[in-house]
Amino acid sequence: MSRILTVAAAQLGPIQKAETRREVVARMVALMDEAKAKGADFIVYPELALTTFFPRWYHEDRAEADAWFEASMPNPEVQPLFDRALAHGMGMSFGYAELTPDGQHFNSSIIVDKSGAIVGKYRKIHLPGHVEYDPDRTHQHLEKRYFEPGDLGFPVWRTMGGLLGMCICNDRRWPETYRVMGLQGVEMVVLGFNTPSVNSQKGGEGLAQRLFHHRLSVQAGAYQNSCWVVAVAKAGDEDGHHLMGGTLIVNPDGEIVAELEGEADGIIVVPCDLDDTRFGKETIFDFKRHRRIEHYGKITAQVGVVEPE
Ligand code: CDV
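Fair warning: this is a prediction, and the values are worked out from it, not measured in the lab.

Caption draft 1: Examining the nonpolar core more closely. Among the nonpolar cores identified, the biggest contains 46 residues, and Phe42, Met188, Val229 and Val230 are the most heavily contacted of them. With six residues, the single largest contributor to this core is strand 9 (residues 228–233). If you look at the next biggest cluster of nonpolar residues, it comprises 28 residues, including Ala8, Ile15, Met32 and Ala40.

See below:
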C-alpha cells in the first residue's frame, strides 16, 4: 500500500524591509513553477512568507506595525500565487501576519487544497520573544508585542489524501505541539520558520548549535508521533540580521530524507508515502495501547516548574 503526497519544501532567501509583497509573491510563484516541474502536489513556504521578519523592528506605536499584516486572505497582492497554484492543481501552505476584522493580530499559516480552497488555518501558539524594547539583546524579537497567542489549538485536517497539521517556528521545539496533533492521527506536519542564527541572549550560541536544536526538535517530533515533518526556512541576511537555513523533510522514523543547502530561494521535493506512518502508529507509538494519561496531569494542570520541597 502506498499513498504518495509529493511535497516541495520551498525556502525563501532573505526579504529586505524595502521589498514589496508583489516582489516576494513573484519569487514564490517561480518556486512553485519549479516544484510543479519536479512533480510536486503540495508546496510549503516559510513563516511570515510575504515580508521581512518584521518582529525584529520596534514600533513604539503598535498600530504602525499593521502595515506588515494582511487584513484578508487571499488579497490582490497574493492572488497571483493562488491563481498559479490552481492552474498547476497544487496545494500550498504559507505563513503570514493576520489582522482579523475585529482587530486581532496573529502569526498565522494556512493550507490551501488543490481546488484553491483554504481548508485549514493555524495561529501560532508558542510566541517567543518579548513585549517591550530590550536594550540588553543583540537584536529584538518582538513577537509577543505584535501577536496574540493563537486561539485555534492544533487542528488536523483531512485533505489531499492525508491527515495534515501545521505549526509555526518556535512551536516546533515543544513536544506538546506534535503530540496534540499525533492524538488526531496526524500524518504530516508542515511548518515554516525564521530563526536568527545567533541567540540574542547568549552570544556563544551560534549557527551550528541553532541548527542542531532545530533538527533535534523536528526529528523527535516526527519519530515520537510517527509522522512526516516538513520544515521550511526563511534564510539569509535581512537588513544586516542573519537567519539560518536548514529547510528539511523528516520521515516518520525521524530521519532527515532531504535538506536544502544554502540560504537562497530553493526547493527540495520528496515523494512522501503517508502509509509509512502506519507502522510506528500501530506499534511502539500505538497511543491507545501504551499511553498512561493518569500520570500526565501536570502537563495541562501546570505551566511553570514546581520543584519538590
Ligand atoms: N520565529 C521564531 O519563532 N523564532 C524562534 C527564535 C526566536 C528562537 C525559533 O524558535 O526559531
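Caption draft 2: Focus on the pattern of salt bridges. For the structure on display, the rule yields 25 salt bridges. A salt bridge links Arg3 to Glu187, with the nearest nitrogen and oxygen atoms 2.8 Å apart. Separated by 184 residues along the polypeptide, Arg3 in the segment before strand 1 (4–11) and Glu187 in the loop between helix 4 (175–182) and strand 8 (188–193) bring together distant segments of the chain. Two residues, Glu205 and Arg210, come together in a salt bridge whose shortest N-O distance is 3.0 Å. With a relative accessible area of 6%, Glu205 lands in the buried category. Connected through shared salt-bridge partners, Arg3, Glu187, Asp275, Arg278 and Glu282 make up one network.

Caption draft 3: Expanded view of the packing of aromatic side chains. Under the counting rule described, the total for this entry stands at ten aromatic pairs. Ring centres 6.0 Å apart and planes at 50 degrees place the aromatic pair Phe94 and Tyr96 in the tilted group. The exposure class assigned to Phe94 is buried, which follows from its relative accessible area of 1%. One aromatic cluster in this structure is built from Phe54, Trp68, Phe69, Tyr146 and Phe147. Here Lys17 stacks its cationic end above the ring of Trp57, 4.0 Å away from the centre of that ring. Seen from the ring of Phe193, Arg172 lies directly overhead, with NZ or CZ sitting 4.5 Å from the centre.

Caption draft 4: Molecular detail of the sheet that holds strand 1. Spatially, 5-4-3-2-1-14 is the arrangement adopted by the six strands of the open sheet, whose pairing is mixed. What marks the edges here is a single partner per strand, and that holds for strand 5 (118–123) and strand 14 (266–273). Taking the axes of each pair of neighbouring strands and ignoring which way they run, one obtains an average angle of 25 degrees across the sheet. Looking at chain direction, strand 4 (residues 105–112) and strand 5 are connected through five bridges and run antiparallel. Paired with Ile110 across the bridge in strand 5 is Lys121. Against the sheet, helix 1 (residues 21–37) engages strand 1, strand 2 (42–44), strand 3 (91–99) and strand 14, with an angle of about 45 degrees to strand 14. Across the sheet, helix 2 (residues 79–88) touches strand 3, strand 4 and strand 5, and the angle it forms with strand 3 is around 165 degrees.

Caption draft 5: Region of interest: the sheet that holds strand 7 (residues 162–168). The six strands lie next to each other as 6-7-8-9-12-13, forming an open sheet whose pairing is mixed. Each edge of the sheet is formed by a strand with only one pairing partner; in this case those strands are strand 6 (156–159) and strand 13 (256–259). The average undirected angle you get between the axes of adjacent strands in this sheet is 20 degrees. Two elements, strand 6 and strand 7, share four bridges in a ladder whose sense is antiparallel.

Caption draft 6: Region of interest: the layout of surface pockets. Counted as a void, the largest pocket has a volume near 750 Å³. Looking at the largest pocket, it is lined by 23 residues, and the ones nearest its centre are Pro175, Glu176, Arg179, Val180 and Ile299. Sorting the residues of the lining of the largest pocket by element identifies helix 4, helix 5 (207–225) and helix 8 (297–301) as the ones contributing at least two each. One number sums up the size of the second largest pocket: a volume of about 400 Å³. Around the second largest pocket, the lining comprises 20 residues; the ones closest to its centre are Pro128, Gly129, His141, Asn170 and Arg210. Taken together, the residues that form the lining of the second largest pocket break down as six nonpolar, ten polar and four charged.

Caption draft 7: Structural detail: the environment of Lys234. Mapped onto the elements, Lys234 comes out in the loop between strand 9 and strand 10 (236–238). The buried category is assigned to Lys234, whose relative accessible area is 0%. Along the chain, Lys234 and Pro196 lie 38 residues apart, while their C-alpha atoms are 9.8 Å from each other. Of note is the side chain of Lys234, whose polar atom sits 3.3 Å from the backbone oxygen of Thr51. A polar side-chain atom of Lys234 sits 2.7 Å from a polar atom in the side chain of Glu238.

Caption draft 8: Geometry of the pairing of strand 3. Of all nine residues in strand 3, nine are buried, a share of seventy percent or more. Between strand 2 and its parallel partner strand 3, the chain crosses via helix 2, and the hand of that crossover is right-handed. Relative to strand 4, strand 3 runs antiparallel, the two being bridged by eight bridges. By the bridge assignment, Leu99 is partnered in strand 4 with His105.

What counts, and where the lines are drawn
- Residues numbered from 1 in each chain as written.
- Predicted model: local features only at pLDDT ≥ 70, side-chain atom pairs only at ≥ 80, totals over all residues.
- Heavy atoms only, no water.
- Core = buried A, V, L, I, M, F, W, Y, C linked by side-chain atoms within 4.5 Å.
- Buried < 20%, exposed > 50% of the residue type's maximum accessible area, 1.4 Å probe, protein only.
- Helix = DSSP H or I, 4+ residues; strand = E, 2+ residues; numbered from the N terminus.
- Salt bridge = Lys/Arg side-chain N within 4 Å of Asp/Glu carboxyl O.
- Phe/Tyr/Trp six-rings, centres within 6.5 Å; stacked < 30°, edge-to-face > 60°.
- Lys NZ or Arg CZ within 6 Å of the ring centre and 35° of its normal.
- Pairing = 2+ DSSP bridges.
- Axes fitted to C-alpha atoms, helices over the stretch in contact; angles between N-to-C directions.
- Contact = heavy atoms within 4.5 Å.
- 1 Å grid on protein atoms, 1.4 Å probe; cavity = no way out; pocket = protein on both sides within 12 Å on 5 of 7 lines; lining within 4 Å.
- Points joined across faces, edges and corners; volume = space filled by probe spheres on them.
- Nonpolar A, V, L, I, M, F, W, Y, C, P; charged D, E, K, R; others polar.
- Polar contact = N/O pair within 3.5 Å; in protein donor to acceptor, adjacent residues only side chain to side chain.
- Right-handed = clockwise from strand over helix to strand, strands pointing away.

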